[in-house]
There are 2 protein chains.
Amino acid sequence: IDSQDSATLKAEMEDMYPADVTGILYELDSEQAKYLVSLLDTKIGAEILAALDTDERRDFLKSFTSAEIALYVNEVDSDDAVDLLNEQPIKVREEVIALLEDREQARFILDLLHYDEDVAGGLMQKELVKANVNWNMNQCIEELRLQAEDVEKVYAVYVVDDNNRLLGTLSLKRIVLAHKNTKVESIYNQDIIYVETYRPAEEVAELMQRYDLDVIPVVNVQGRLLGRITIDDVVDVITEQASSDALAMAGVTGDVEEDDTVWEQTKARLPWLLVGMMGGILAAKFIGFFEGDLKVVPAMAAFIPIIGSTGGNVGIQTSSIILQSLADRTGLDTGVWERLLRMFGVAFINGIIISLIVFGFNLLIGNELQLAIVVSSALLSVVFLASFMGTVTPIVLDKLGINPAVASGPFITTANDLIGYGVYFGLAHVLLGL
Amino acid sequence: IDSQDSATLKAEMEDMYPADVTGILYELDSEQAKYLVSLLDTKIGAEILAALDTDERRDFLKSFTSAEIALYVNEVDSDDAVDLLNEQPIKVREEVIALLEDREQARFILDLLHYDEDVAGGLMQKELVKANVNWNMNQCIEELRLQAEDVEKVYAVYVVDDNNRLLGTLSLKRIVLAHKNTKVESIYNQDIIYVETYRPAEEVAELMQRYDLDVIPVVNVQGRLLGRITIDDVVDVITEQASSDALAMAGVTGDVEEDDTVWEQTKARLPWLLVGMMGGILAAKFIGFFEGDLKVVPAMAAFIPIIGSTGGNVGIQTSSIILQSLADRTGLDTGVWERLLRMFGVAFINGIIISLIVFGFNLLIGNELQLAIVVSSALLSVVFLASFMGTVTPIVLDKLGINPAVASGPFITTANDLIGYGVYFGLAHVLLGL
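Summary of the structure given here. Bear in mind the structure is a predicted one, so any value in this text is a computation, not a measurement. (Residues numbered from 1 in each chain as written. Chains lettered and ligands numbered in written order. Predicted model: local features only at pLDDT ≥ 70, side-chain atom pairs only at ≥ 80, totals over all residues. Heavy atoms only, no water.)

## As for the interface of chain A and chain B
Then step 1. With 108 residues of chain A in contact, the opposing surface of chain B contributes 107 residues.
Then step 2. Where chain A packs against chain B, one counts zero salt bridges.
Then step 3. Counting across the interface, chain A meets chain B through eight residue pairs in polar contact (both at pLDDT 80 or more).
Then step 4. Residue contributions to the side of chain A that touches chain B peak at 17 residues, all from helix H16 (residues 262-289) of chain A.
Then step 5. Considered class by class, the residues forming the side of chain A that touches chain B number 60 nonpolar, 21 polar and 27 charged. (Contact = heavy atoms within 4.5 Å. Salt bridge = Lys/Arg side-chain N within 4 Å of Asp/Glu carboxyl O. Polar contact = N/O pair within 3.5 Å; in protein donor to acceptor, adjacent residues only side chain to side chain. Helix = DSSP H or I, 4+ residues; strand = E, 2+ residues; numbered from the N terminus. Nonpolar A, V, L, I, M, F, W, Y, C, P; charged D, E, K, R; others polar.)

Dropping the structure here:
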């Protein structure tokens, strides 16, 4: 394919969807990719650029001049244009904006550039179709015709007053069905859900999910219509949120991906490993105090792992379930007491079963009855304590406004380990009469 | 509010969005909730029912007769109707279907009932607007008018041939802008992405995300148009998938929620706790072999926890990053060797840093140099082994077609623990010359 047979290549790619061409680009080096994209229509090339992942796109665009980038930026939606430009060095960014042929696009981009990525303003695109409340259907359709080229998916026409204040929406279905002379005023829908530019992205996602919206208008504090956010961008927010929470729980901070550099990955992981290490050092110091006991009953050491792992496992299970229900905010706010009660019920059954099995095992391998009692009581206590910690920690962090996923994994595990060893050696010291 | 002041209540609720009324219902008991819903228009009541969570809805509908349920089922979209009916006992289900006034809805429901929940057929709704390829715009608009009442969001008109075979789509924008006498044939879009009824839900979600679709048509094996899947249902699939993966990694199987019964939660959690317990018992047996060594150097016991927790933490971090990139399938398929190489790079830096700190700690608290060497070499080996396991296990499971999230958490942790203790005691036995 690399024999530069441009005619065949071009024909083949034109039969494909842009998203599929994107898939192919990932497997090529920058030069080849640039060659492929340059064969295509600028419009399709722009769509492909918009679909690329951040890292790949940054690498890919390094071989482009500002003028070449500007050609593509002319064609993409304003939200994608801003994402793309934000990845570029400031110099390139400013050159591209200056070189844009489509001056409206340049204005859109300048408007959007100053919003953070994680608020509604950073998700919105400027492309939309709006109609004045005083117009009739004919004027609406005229407007639609004018703007149709720029607006990929229309969804609905926004209805505004003379000051560009958002009043409501008018669905395309209604426009199709209405008489040409009908006034917008008499048929538009005044029940409208919107967001302000400063709302966090997660709130936008929640709102759109709760009300099953495909698109949501964005207004400024004066209620003036500035743009809209479409569901595909919000789906990205939702999946990114889920994946960054999963990583956070596993003790990986930031949006690290497998193909990031070794250094980036180390930065994201080392801090949490150090938290775990500190826990381990504390545990070592702590067990050191009981060295005398261990000399007398060396079999005690054998149960250090099961105490630690049971506490860890129970804690992670519990906190994951709590995190799930915190993320789910369906409007119900279960009381802390009810939560604890249910968790204790589960802890009781799980704890009893595990303690009994381990008790049996201890007797079976001929350990002393007293050691068996110490190990199993410690296990039962650890299950309870880990359930408690796993329930309370995420709820408290959430109340404090900290993302509960971030600190749940490594923190809870480390804390549970330490508590577990404390209970184990404490019980042993007392019950074994050491 | 419970003084049954129905007029005020009704007025208040009518000002709210159905999704908000749903939020209120969660906080009421069934009787109160039924009373509230009965005040509302059937159509709004139906929307509220469709928005309720499975468990709440099942409880709530227990106090309804089949005839009452049928009234609401008449009004909801066919996909929601099927979900609702699938939660009911077979007797109620059949009664409701028999009692449906809207016979088309009854037929839709019967068509949909035989699809599994987790394939495209189980996600689709029958409500859509289609047009014959030979029609002109006027006929299209007529059809739209006829079907407009049943189809909440139109998105696009599907174009079919005389045999109901799907040919393409026609956007509402085009209909609005086209001349009344234009033939469908000459303006419809033949590039269409569709799914077959038997495709798994995750595949549908992936497809809609990749191509940024708001709606996707569903066809049977003959290519006949059967229904469509809208993005809101797919967003639910995506979030459910993410949450069930997160739970699976934490050792919780099935879609357990915090408000499930103690017994359901125990069933979901106990098996994995038992896996961890078996690991702990094995570790105990294993450490038991080295009891003699522990008698000589009791300080060794103090470092059992740090070996276990470091292995566990590194393994979970590594596997989470791999899981993320497996879930991300952007078309790039990094080679196993490249993956391992990068992982080893990260493992090397993290391992060296942790080993050195612990080495320093050991010397600081006055432990013997030899013990310090044993502990730190064991830590370094554990970091490498856990990185290897954390990389390979999810990839292998994925290749075998098993959800890699399910077995990653507890399995990897337990395996890493055991390997870690093996390395530690093995090294100690050799290096300390015991």
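## Description of the relation of the copies chain A and chain B
Then step 1. Turning chain A through 180° and shifting it by 0.0 Å along the axis lays it on chain B, with an RMSD of 0.1 Å. As the rotation angle and translation indicate, the two copies are arranged about a two-fold axis.
Then step 2. The share of interface residues of chain A whose copies in chain B are also at the interface is 99%, consistent with both copies meeting through the same surface. (Least-squares fit on C-alpha atoms with pLDDT ≥ 70 in both.)

## Examining helix H9 (residues 103-113) of chain A
Residues and elements named next belong to chain A.
Then step 1. Among all positions of H9, only Gln105, Ala106, Phe108, Ile109 and Leu112 are buried. Each buried residue of H9 lies within a common arc of 160° when the element is viewed along its axis, so the set occupies one face.
Then step 2. Packed against the buried residues of H9 are helix H6 (66-73), helix H7 (78-86), helix H8 (90-99) and helix H10 (120-123). (Buried < 20%, exposed > 50% of the residue type's maximum accessible area, 1.4 Å probe, protein only. Arc of directions from axis to C-beta.)

## Quick look at the sheet that holds strand E2 (residues 156-160) of chain B
All names here are of chain B.
Then step 1. Spatially, the three strands line up as an open sheet ordered E1-E2-E3, and their pairing is mixed. A strand with exactly one partner marks an edge of an open sheet, and here the two such strands are strand E1 (130-132) and strand E3 (166-171). For this sheet the average axis-to-axis angle between neighbouring strands, irrespective of direction, equals 35°.
Then step 2. Against the sheet, helix H11 (residues 137-147) touches E1, E2 and E3, its axis set at about 150° to E1. (Pairing = 2+ DSSP bridges. Axes fitted to C-alpha atoms, helices over the stretch in contact; angles between N-to-C directions.)

## Points about the nonpolar core
Then step 1. By size, the foremost hydrophobic cluster in this structure holds 129 residues, and its most contacted members are A:Ile216, A:Ile229, B:Val73, B:Ile109, B:Ile216 and B:Ile229.
Then step 2. Those residues within four positions of B:Ile109 in sequence are excluded, and the remaining contacts are B:Val73, B:Ala81, B:Val82, B:Leu85, B:Ile97 and B:Leu100.
Then step 3. Counting residues in hydrophobic clusters, the runner-up holds 71 residues, among them A:Leu273, B:Ile304, B:Val358 and B:Leu432. (Core = buried A, V, L, I, M, F, W, Y, C linked by side-chain atoms within 4.5 Å.)

## Let's talk about the sheet that holds strand E4 (residues 195-196) of chain B
All names here are of chain B.
Then step 1. Pairing is mixed across the open sheet formed by three strands, whose spatial order is E4-E5-E6. Strands at the two margins of the open sheet, each flanked by one partner only, are E4 and strand E6 (225-230).
Then step 2. Sheet topology places strand E5 (residues 215-219) next to E6; five bridges connect them, and they run antiparallel. Note that in E6 the partner of valine 218 across the bridge is glycine 227.

## Structural notes on the packing of H6(A) against H8(A)
All names here are of chain A.
Then step 1. With their axes 8 Å apart at the nearest point, H6 and H8 run at an angle of 60° to one another. Relative to H8, the element H6 is oriented oblique. Classified by chirality, the crossing of H8 by H6 is right-handed. Touching Ser66, Ala67, Ile69, Ala70 and Val73 of H6 are Val92, Glu95, Val96 and Leu99, all from H8.
Then step 2. Its residues placed into classes, the contact of H6 with H8 shows seven nonpolar, one polar and one charged. (Parallel < 35°, antiparallel > 145°, perpendicular 65-115°, else oblique. Left-handed = near helix turned anticlockwise from the far one by under 90°.)

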